[in-house]
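As a plain string of letters, each chain reads:
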Amino acid sequence: LAKTTQPISMDSYEGQEVNITCSHNNIATNDYITWYQQFPSQGPRFIIQGYKTKVTNEVASLFIPADRKSSTLSLPRVSLSDTAVYYCLVGDRMDSSYKLIFGSGTRLLVRP
Amino acid sequence: EAQVTQNPRYLITVTGKKLTVTCSQNMNHEYMSWYRQDPGLGLRQIYYSMNVEVTDKGDVPEGYKVSRKEKRNFPLILESPSPNQTSLYFCASSLQGRAVGETQYFGPGTRLLVL
(Lines give C-alpha, C1' and ligand atoms only; values in the text may rest on other atoms or scores of the structure.)
Protein backbone atom coordinates (compact mmCIF):
# COMPACT_ATOMS: atom_id res chain seq x y z
CA LEU A 1 0.00 0.00 0.00
CA ALA A 2 1.28 3.43 -0.88
CA LYS A 3 1.36 5.62 2.21
CA THR A 4 2.57 9.14 2.64
CA THR A 5 4.41 11.07 5.30
CA GLN A 6 4.32 14.84 5.69
CA PRO A 7 5.41 17.31 8.36
CA ILE A 8 2.62 17.94 10.82
CA SER A 9 2.91 21.70 10.68
CA MET A 10 4.86 24.57 9.18
CA ASP A 11 5.04 28.28 9.88
CA SER A 12 5.80 30.99 7.40
CA TYR A 13 5.41 34.72 6.81
CA GLU A 14 3.60 36.59 4.12
CA GLY A 15 5.58 36.91 0.92
CA GLN A 16 7.82 33.92 1.58
CA GLU A 17 8.08 30.78 -0.50
CA VAL A 18 6.88 27.65 1.27
CA ASN A 19 7.97 24.12 0.38
CA ILE A 20 6.11 21.12 1.80
CA THR A 21 7.61 17.69 1.20
CA CYS A 22 5.72 14.42 1.10
CA SER A 23 7.36 10.99 1.24
CA HIS A 24 5.75 8.07 -0.60
CA ASN A 25 8.24 5.23 -0.72
CA ASN A 26 5.89 2.60 -2.17
CA ILE A 27 4.40 4.61 -5.00
CA ALA A 28 3.26 2.45 -7.91
CA THR A 29 4.40 2.90 -11.48
CA ASN A 30 1.11 4.31 -12.74
CA ASP A 31 0.32 6.47 -9.73
CA TYR A 32 0.13 10.23 -9.87
CA ILE A 33 0.77 12.51 -6.93
CA THR A 34 -1.92 15.01 -6.08
CA TRP A 35 -1.99 17.82 -3.55
CA TYR A 36 -5.11 19.20 -1.95
CA GLN A 37 -5.77 22.26 0.19
CA GLN A 38 -8.34 22.33 2.94
CA PHE A 39 -9.73 25.26 4.89
CA PRO A 40 -11.57 24.68 8.21
CA SER A 41 -15.00 23.08 7.80
CA GLN A 42 -14.65 22.84 4.04
CA GLY A 43 -13.93 19.92 1.75
CA PRO A 44 -10.44 19.57 0.29
CA ARG A 45 -9.75 21.41 -2.94
CA PHE A 46 -7.44 20.27 -5.71
CA ILE A 47 -4.21 22.25 -6.04
CA ILE A 48 -1.88 20.43 -8.38
CA GLN A 49 -1.06 17.02 -9.76
CA GLY A 50 2.02 15.48 -11.35
CA TYR A 51 3.77 12.29 -12.36
CA LYS A 52 7.44 13.24 -12.57
CA THR A 53 9.86 16.18 -12.82
CA LYS A 54 8.11 19.52 -12.42
CA VAL A 55 4.59 20.79 -12.86
CA THR A 56 3.54 24.41 -12.45
CA ASN A 57 0.18 26.12 -12.47
CA GLU A 58 -1.10 29.51 -11.39
CA VAL A 59 -1.20 28.45 -7.75
CA ALA A 60 1.80 26.23 -7.08
CA SER A 61 4.64 24.12 -8.37
CA LEU A 62 5.21 20.44 -7.79
CA PHE A 63 8.68 18.93 -7.87
CA ILE A 64 9.09 15.16 -8.20
CA PRO A 65 12.54 13.56 -8.29
CA ALA A 66 13.42 10.75 -10.66
CA ASP A 67 12.84 7.99 -8.10
CA ARG A 68 9.37 9.43 -7.31
CA LYS A 69 9.68 8.45 -3.67
CA SER A 70 8.90 11.98 -2.58
CA SER A 71 7.39 15.18 -3.89
CA THR A 72 7.56 18.84 -2.88
CA LEU A 73 4.73 21.30 -3.11
CA SER A 74 6.03 24.83 -3.56
CA LEU A 75 3.83 27.83 -2.81
CA PRO A 76 5.40 31.07 -4.02
CA ARG A 77 4.93 34.24 -2.02
CA VAL A 78 2.31 32.98 0.41
CA SER A 79 -0.40 35.22 1.82
CA LEU A 80 -2.52 34.95 4.95
CA SER A 81 -5.24 33.23 2.93
CA ASP A 82 -2.88 30.32 2.25
CA THR A 83 -3.20 29.26 5.88
CA ALA A 84 -4.73 25.81 5.54
CA VAL A 85 -4.02 22.11 5.74
CA TYR A 86 -2.25 20.61 2.74
CA TYR A 87 -2.65 16.95 1.85
CA CYS A 88 -0.49 14.80 -0.33
CA LEU A 89 -2.43 12.05 -2.09
CA VAL A 90 -1.04 9.03 -3.89
CA GLY A 91 -3.26 6.53 -5.61
CA ASP A 92 -3.03 2.92 -4.55
CA ARG A 93 -4.15 0.40 -7.08
CA MET A 94 -5.06 -3.03 -5.77
CA ASP A 95 -6.22 -5.46 -8.43
CA SER A 96 -9.19 -3.80 -10.10
CA SER A 97 -10.02 -1.59 -7.15
CA TYR A 98 -8.70 1.81 -6.41
CA LYS A 99 -8.15 2.84 -2.84
CA LEU A 100 -7.09 6.43 -2.35
CA ILE A 101 -5.06 7.25 0.72
CA PHE A 102 -4.57 10.72 2.09
CA GLY A 103 -1.45 11.69 3.96
CA SER A 104 -1.66 13.05 7.48
CA GLY A 105 -1.70 16.59 6.20
CA THR A 106 0.53 19.59 6.89
CA ARG A 107 -0.97 22.50 8.74
CA LEU A 108 0.50 25.68 7.28
CA LEU A 109 0.24 28.87 9.26
CA VAL A 110 1.11 32.08 7.45
CA ARG A 111 1.84 35.00 9.74
CA PRO A 112 1.69 38.71 8.85
CA GLU B 1 -22.82 23.81 -11.88
CA ALA B 2 -20.70 20.71 -11.36
CA GLN B 3 -20.87 19.77 -7.71
CA VAL B 4 -21.12 17.19 -4.96
CA THR B 5 -23.91 17.78 -2.48
CA GLN B 6 -24.41 16.29 0.95
CA ASN B 7 -27.38 16.33 3.29
CA PRO B 8 -27.78 17.12 6.03
CA ARG B 9 -24.92 19.51 6.68
CA TYR B 10 -25.32 19.22 10.44
CA LEU B 11 -26.89 16.44 12.45
CA ILE B 12 -27.27 15.72 16.15
CA THR B 13 -28.58 12.31 17.06
CA VAL B 14 -28.56 9.78 19.87
CA THR B 15 -26.82 6.45 20.18
CA GLY B 16 -28.51 3.65 18.28
CA LYS B 17 -30.83 5.74 16.13
CA LYS B 18 -30.28 4.82 12.50
CA LEU B 19 -29.37 7.64 10.18
CA THR B 20 -28.48 8.21 6.55
CA VAL B 21 -26.30 10.92 5.06
CA THR B 22 -27.00 11.45 1.40
CA CYS B 23 -24.44 12.27 -1.26
CA SER B 24 -25.17 13.19 -4.83
CA GLN B 25 -22.99 14.27 -7.75
CA ASN B 26 -24.05 15.70 -11.10
CA MET B 27 -20.86 15.04 -13.04
CA ASN B 28 -21.61 11.48 -14.17
CA HIS B 29 -18.62 10.26 -12.17
CA GLU B 30 -18.11 6.56 -11.77
CA TYR B 31 -16.08 6.74 -8.57
CA MET B 32 -17.51 7.94 -5.26
CA SER B 33 -16.21 7.65 -1.74
CA TRP B 34 -16.80 8.65 1.85
CA TYR B 35 -14.25 10.01 4.28
CA ARG B 36 -14.35 10.96 7.91
CA GLN B 37 -12.14 13.60 9.39
CA ASP B 38 -11.14 13.77 13.02
CA PRO B 39 -8.72 16.13 14.76
CA GLY B 40 -5.15 14.96 14.36
CA LEU B 41 -6.07 12.07 12.08
CA GLY B 42 -6.61 13.76 8.75
CA LEU B 43 -8.96 12.24 6.21
CA ARG B 44 -9.67 8.54 6.43
CA GLN B 45 -11.58 6.66 3.79
CA ILE B 46 -14.67 4.75 4.96
CA TYR B 47 -16.03 3.18 1.79
CA TYR B 48 -15.68 3.72 -1.90
CA SER B 49 -17.53 2.70 -5.03
CA MET B 50 -16.02 2.14 -8.45
CA ASN B 51 -19.44 2.10 -10.14
CA VAL B 52 -23.09 1.21 -9.65
CA GLU B 53 -23.49 -1.85 -7.43
CA VAL B 54 -19.73 -1.98 -6.81
CA THR B 55 -18.58 -0.94 -3.35
CA ASP B 56 -15.56 -1.74 -1.22
CA LYS B 57 -14.19 -1.00 2.21
CA GLY B 58 -11.78 1.79 2.87
CA ASP B 59 -9.62 2.12 5.96
CA VAL B 60 -12.32 2.58 8.58
CA PRO B 61 -15.52 0.81 7.45
CA GLU B 62 -16.67 -0.55 10.82
CA GLY B 63 -20.10 0.72 11.82
CA TYR B 64 -20.96 2.04 8.36
CA LYS B 65 -22.84 0.81 5.33
CA VAL B 66 -23.14 2.21 1.84
CA SER B 67 -25.10 1.49 -1.29
CA ARG B 68 -24.73 2.51 -4.92
CA LYS B 69 -27.99 1.82 -6.70
CA GLU B 70 -27.67 4.83 -8.96
CA LYS B 71 -24.58 6.38 -10.43
CA ARG B 72 -25.21 9.81 -8.97
CA ASN B 73 -26.03 8.81 -5.38
CA PHE B 74 -23.90 7.22 -2.69
CA PRO B 75 -25.59 7.34 0.73
CA LEU B 76 -23.74 6.60 3.94
CA ILE B 77 -25.75 4.63 6.47
CA LEU B 78 -25.11 4.36 10.19
CA GLU B 79 -27.34 1.52 11.38
CA SER B 80 -26.61 2.06 15.07
CA PRO B 81 -24.55 5.20 15.59
CA SER B 82 -22.21 5.42 18.53
CA PRO B 83 -20.43 8.43 20.05
CA ASN B 84 -17.13 7.42 18.43
CA GLN B 85 -18.74 8.14 15.07
CA THR B 86 -19.00 11.79 15.95
CA SER B 87 -17.01 13.35 13.16
CA LEU B 88 -16.94 15.49 10.04
CA TYR B 89 -17.88 13.47 6.97
CA PHE B 90 -17.02 14.21 3.37
CA CYS B 91 -18.30 12.65 0.22
CA ALA B 92 -16.15 12.79 -2.90
CA SER B 93 -16.35 11.75 -6.52
CA SER B 94 -14.08 11.48 -9.52
CA LEU B 95 -14.43 10.36 -13.09
CA GLN B 96 -13.05 6.85 -12.77
CA GLY B 97 -11.12 6.82 -9.50
CA ARG B 98 -7.82 6.37 -11.22
CA ALA B 99 -4.72 8.30 -10.29
CA VAL B 100 -3.82 9.20 -13.83
CA GLY B 101 -5.01 12.70 -14.53
CA GLU B 102 -7.96 12.71 -12.17
CA THR B 103 -9.17 15.07 -9.50
CA GLN B 104 -11.48 14.23 -6.64
CA TYR B 105 -14.34 16.63 -6.02
CA PHE B 106 -15.45 16.96 -2.44
CA GLY B 107 -18.79 17.83 -0.96
CA PRO B 108 -19.22 20.55 1.68
CA GLY B 109 -19.16 18.12 4.59
CA THR B 110 -21.61 16.82 7.18
CA ARG B 111 -20.89 17.42 10.81
CA LEU B 112 -22.35 14.62 12.93
CA LEU B 113 -22.69 14.56 16.70
CA VAL B 114 -23.80 11.33 18.34
CA LEU B 115 -24.86 11.71 21.96
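Because the structure is a prediction, the values reported are computed rather than measured.

### Things to note about the sheet that holds strand β8 (residues 76-78) of chain B
Thinking step 1. Taking strand neighbours across the sheet as the criterion, the four strands line up as β1-β3-β8-β7 (chain B) in an open arrangement whose pairing is antiparallel. Edge positions in the sheet fall to β1 (4-7) and β7 (65-66) of chain B, since each has one partner strand and no second.

### Looking at the pairing of strand β5 (residues 53-56) of chain A
Thinking step 1. One ladder, built from four bridges, connects β5 of chain A with strand β6 (residues 61-64) of chain A; its direction is antiparallel. Bridge assignment links Lys 54 of chain A to a residue of β6 of chain A, and that residue is Phe 63 of chain A.

### Thoughts on the environment of Asn 25 of chain A
Thinking step 1. Relative to the helices and strands, Asn 25 of chain A is located in the loop between β2 (18-23) and β3 (33-38).
Thinking step 2. Those residues in contact with Asn 25 of chain A that lie beyond four places of it in its chain are Lys 3 and Lys 69 of chain A.

### Observations concerning the state of the cysteines
Thinking step 1. Summed over all chains, the structure comprises two disulfides over all chains.
Thinking step 2. The disulfide partner of Cys 22 of chain A is Cys 88 of chain A, and the S-S distance across this bridge is 2.2 Å. Residues Cys 22 of chain A and Cys 88 of chain A are joined by a disulfide whose S-S torsion is about -80°; by sign, that bridge is left-handed. Placement of Cys 22 of chain A in strand β2 and of Cys 88 of chain A in strand β8 (residues 84-94) is noted, with a sequence separation of 66 residues between them. As far as burial versus exposure is concerned, Cys 22 of chain A and Cys 88 of chain A are alike and both buried.
Thinking step 3. Covalent S-S linkage joins Cys 23 of chain B and Cys 91 of chain B, the inter-sulfur distance amounting to 1.8 Å. In this structure the cystine formed by Cys 23 of chain B and Cys 91 of chain B twists about its S-S bond by roughly -75°; its chirality is therefore left-handed. With Cys 23 of chain B in strand β3 (residues 19-25) and Cys 91 of chain B in strand β9 (residues 87-94), this pair connects stretches of sequence that are 68 residues apart.

### Some points on the nonpolar core
All names here are of chain A.
Thinking step 1. Counting 20 residues, the largest nonpolar core has Ile 33, Trp 35, Ile 47, Leu 73, Leu 75 and Tyr 86 as its most contacted members.
Thinking step 2. Broken down by secondary-structure element, the contributors of at least two residues to this core are β2, β3, β4 (45-50), β6, β7 (70-75), β8 and β10 (106-111).
Thinking step 3. Of all the elements, β8 adds the most residues to this core, at four residues.
Thinking step 4. In this structure, Ile 47 is in contact with Trp 35, Tyr 36, Gln 37, Asn 57, Val 59, Ala 60, Leu 73 and Tyr 86, ignoring residues within four places of it in sequence.

Conventions and cut-offs
Starting afresh in each chain, residues are numbered from 1 along the sequence in its written order. Chain letters and ligand numbers both follow the written order, the letters beginning at A and the numbers at 1. Per-residue local features of the predicted model are confined to residues with pLDDT of at least 70, and side-chain atom pairs are confined, for both listing and counting, to 80 or more; whole-chain, interface and lining totals are unaffected and use all residues. Side-chain numbers come from the whole structure's heavy atoms, not from hydrogens or water. Note: two strands are recorded as paired if DSSP finds a minimum of 2 bridges between them. Runs of E in the DSSP output that reach at least two residues are strands. Runs of H or I that reach at least four are helices, and both are numbered from the N terminus. Throughout, a residue-residue contact means that at least one pair of heavy atoms, one from each residue, lies within 4.5 Å. In this description, the term disulfide denotes a pair of cysteine sulfurs within 2.5 Å. The rule is simple: take the accessible area with a 1.4 Å probe, protein chains only, and divide by the maximum for that residue type; under 20% is buried, over 50% is exposed, in between is partly exposed. We define the nonpolar core as a collection of buried residues of types Ala, Val, Leu, Ile, Met, Phe, Trp, Tyr and Cys that are connected through side-chain atoms lying within 4.5 Å of one another.

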